[in-house]
Number of protein chains: 2
Amino acid sequence: MRNTSDIAQRRALARATDDPDYRVRRAELIKTAAAVFRRKGYSAAKLQDIAAAAGLDRASVYYYVSGKEELYKEVVAEAVRDNVAMVERLRSTEASAPSKLSAFVEGLMASYERHYPYLYVYVQEDMTHMSGDTAWTREMRSLSRRFDTAVRDIIQKGLDDGSLAAPVEDARLLANAVIGMCNWSHRWFQPGGSFTAADVGRLFSALLLQGLARSQ
Amino acid sequence: MRNTSDIAQRRALARATDDPDYRVRRAELIKTAAAVFRRKGYSAAKLQDIAAAAGLDRASVYYYVSGKEELYKEVVAEAVRDNVAMVERLRSTEASAPSKLSAFVEGLMASYERHYPYLYVYVQEDMTHMSGDTAWTREMRSLSRRFDTAVRDIIQKGLDDGSLAAPVEDARLLANAVIGMCNWSHRWFQPGGSFTAADVGRLFSALLLQGLARSQ
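Just so you know, these numbers come straight off a predicted model, no measurement behind them.

## Some remarks on the overall build of chain A
And step 1. When helices and strands are counted, chain A shows ten helices and zero strands.
And step 2. Counting from the amino terminus, chain A carries its helices and strands in the arrangement α-α-α-α-α-α-α-α-α-α.
And step 3. Its C-alpha atoms give chain A principal-axis dimensions of roughly 75 × 35 × 30 Å.
And step 4. Scored against the burial criterion, the 216 residues of chain A give a buried share of 38%.

Pasting the structure below:
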């Protein structure tokens, strides 16, 4: 039986040597943690549950991560990296701004469903309250900026080429409107309800592009 | 100099007897607290600042409220009661659903500006995390339900009479979209920036009714 600080030392050493096997096994553990968070909810999930699902004993889990908090941060970071990649890829395509915006809204809602509930935990708890200056907070802030910038760029392009129009053509305000409609879903969306994320995404994208007022 | 429990007793007594003078002075103190929260921010505002602004000594403030937390709760409750009254009044008018929806979005954004920052503190911190079962949490939950119901009713009426249309005509989802776009402003809107709440409200209501896609 090893003691905790011994394990912490071995963990630090394994990371410093950047062993590919270690990296692969750590990545697998993070994937498993995501699945357990989804199944049990974030608060209810115990490190023991994650260890069991990964086929590891509790001590071995500590060889890869310092605890549940680190698993949560890694799981959230992967989800946010994917979302940034999604919107930056959309920005770079030749599609029209309206179709990019639709794909973005549908993609973001699908991501909230796929990464339920921990991505919503992040939206509610950490996104604005990121205290401290750690590698994680620095990466998350940088990802947030890239995400917002890409959404704004897509909207700006549409305003410039005339495929999008609004009474105030401010890409920042319009991006806040689009992102806000989707992000507020952290207060009400639950997978397995009357509507899937795909239903919500399609409805929201239609609403943002066509509006609610019946055209005469 | 009176001690704290003595003051708490006198406060309980004054409330129990429901003295109109006491009620008026307490209401004035709450108005003053709102102004101080606006001027100094919620976290920075000290009970002493509120006492000074109200022309009371600190001990006298305790005759009306148990502390800053109670002032915050009262100030938020007044703002939320006003918002519920606003949307219920709109529901009861004969205006068209699109014009009610515009007035609602503009009214809500104006309220966030008028009640900055404490109404946003509530949206971020308390609205979903209301633990405990107190008179305040019960009232706030009931106000929340009335607010959501009134927005849904306005939308449902528009869907029924054909003045509003959407690919999925679900008033609950559509209300979530409308409210979400506005409420997400707690993460980005600040009075005194490039846009007033009136600018944002007009833009958001145009966006929700007409959409972003340039009509051909």
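## Concerning the relation of the copies chain A and chain B
And step 1. When chain A is fitted to chain B, the best match, at an RMSD of 0.0 Å, comes from turning it 180 degrees and sliding it 0.0 Å along the axis. The transformation just described matches what one would write down for a two-fold rotation axis.
And step 2. Of the residues that chain A buries at the interface, 100% are likewise interface residues in chain B, meaning the two copies contact each other through the same surface.

## With respect to the packing of helix H9 (residues 171-183) of chain A against helix H9 (residues 171-183) of chain B
And step 1. As a packed pair, H9 of chain A and H9 of chain B sit with axes 7 Å apart at the nearest point and diverge in direction by 125 degrees. Taken as axis vectors, H9 of chain A and H9 of chain B run oblique relative to one another. Relative to H9 of chain B, the crossing made by H9 of chain A is right-handed. Seen from H9 of chain A, the contacting residues are Ala177, Gly180 and Met181 of chain A; seen from H9 of chain B, they are Ala177, Gly180 and Met181 of chain B.

## Let's talk about the domain arrangement of chain A
All names here are of chain A.
And step 1. According to the domain assignment, chain A contains domain 1 (4-66) and domain 2 (72-210).
And step 2. The C-alpha centroid of domain 2 is placed 29 Å from the C-alpha centroid of domain 1.
And step 3. Facing seven residues of domain 1, the contacting portion of domain 2 comprises eight residues.
And step 4. Its residues assigned to classes, the side of domain 1 that touches domain 2 comprises five nonpolar, one polar and one charged.

## Quick look at helix H7 (residues 118-126) of chain B
And step 1. Considered for burial, the residues of H7 of chain B that qualify are Tyr118, Leu119, Val121, Tyr122 and Val123 of chain B.
And step 2. Those residues of H7 of chain B hidden inside the fold are in contact with helix H2 (20-40), helix H5 (68-92), helix H6 (97-114) and H9 of chain B.

## Examining the packing of helix H5 (residues 68-92) of chain A against helix H7 (residues 118-126) of chain A
In helix packing, the relevant descriptors are the interaxial angle and the interaxial distance, both defined with respect to the helix axes.
Residue and element names in this part refer to chain A.
And step 1. Between H5 and H7, whose axes approach to 9 Å, the crossing angle comes to 95 degrees. Taken as axis vectors, H5 and H7 run roughly perpendicular relative to one another. Residues Tyr72, Val75, Val76 and Ala79 of H5 form the contact with H7, whose own contacting residues are Tyr118, Leu119 and Tyr122.
And step 2. When grouped by side-chain class, the residues that make up the contact of H5 with H7 number seven nonpolar, no polar and no charged.

## Looking at the nonpolar core
And step 1. Judged by nonpolar contacts, the single largest core of 123 residues is most densely connected at Val151, Val178 and Phe204 of chain A together with Val178 and Phe204 of chain B.
And step 2. In this structure, Val178 of chain A is in contact with Leu101, Val105, Val151 and Leu208 of chain A, ignoring residues within four places of it in sequence.

## Details of the interface of chain A and chain B
And step 1. Taken together, the 35 residues of chain A in the interface contact 35 residues of chain B.
And step 2. With ten residues, the single largest contributor to the side of chain A that touches chain B is helix H10 (residues 197-210) of chain A.
And step 3. For the side of chain A that touches chain B, the class distribution of residues is 22 nonpolar, nine polar and four charged.

## Considerations on unusual backbone geometry
All names here are of chain A.
And step 1. The omega angle of the peptide bond from Tyr116 to Pro117 is 0 degrees, so this bond is cis rather than trans.
And step 2. Position of Pro117 relative to the elements: it lies in the loop between helix H6 (97-114) and H7.
And step 3. Unusually for a residue other than glycine, Asp18 sits at a positive phi of about 55 degrees.
And step 4. Here Asp18 is to be found in the loop between helix H1 (4-17) and helix H2 (20-40).

## Overview of H6 of chain A
All names here are of chain A.
And step 1. Here H6 spans 25 Å end to end across 18 residues, near enough to the 26 Å set by a 1.5 Å rise per residue.
And step 2. Taken as a whole, H6 has its buried residues at Ala97, Pro98, Lys100, Leu101, Ser102, Phe104, Val105, Glu106, Leu108, Met109 and Tyr112.
And step 3. At its buried positions, H6 is contacted by H5, H7, helix H8 (135-161), H9 and H10.

## Focus on the environment of Ala198 of chain A
Residue and element names in this part refer to chain A.
And step 1. The residue Ala198 is located in helix H10 in this model.
And step 2. For the pair Ala198 and Ala45, spaced 153 residues apart in the sequence, the C-alpha separation amounts to 27 Å.
And step 3. Look past the residues within four positions of Ala198 in its chain and what remains in contact with it is Glu106 and Ala110.

Parameters at a glance
- Residues numbered from 1 in each chain as written.
- Chains lettered and ligands numbered in written order.
- Predicted model: local features only at pLDDT ≥ 70, side-chain atom pairs only at ≥ 80, totals over all residues.
- Helix = DSSP H or I, 4+ residues; strand = E, 2+ residues; numbered from the N terminus.
- Buried ≥ 20, exposed ≤ 12 C-beta atoms within 10 Å, placed from the backbone.
- Least-squares fit on C-alpha atoms with pLDDT ≥ 70 in both.
- Contact = placed C-beta atoms within 7 Å.
- Axes fitted to C-alpha atoms, helices over the stretch in contact; angles between N-to-C directions.
- Parallel < 35°, antiparallel > 145°, perpendicular 65-115°, else oblique.
- Left-handed = near helix turned anticlockwise from the far one by under 90°.
- Domains from an automatic or database assignment.
- Nonpolar A, V, L, I, M, F, W, Y, C, P; charged D, E, K, R; others polar.
- Core = buried A, V, L, I, M, F, W, Y, C linked by C-beta atoms within 7 Å.
- Expected span 1.5 Å × (residues − 1).

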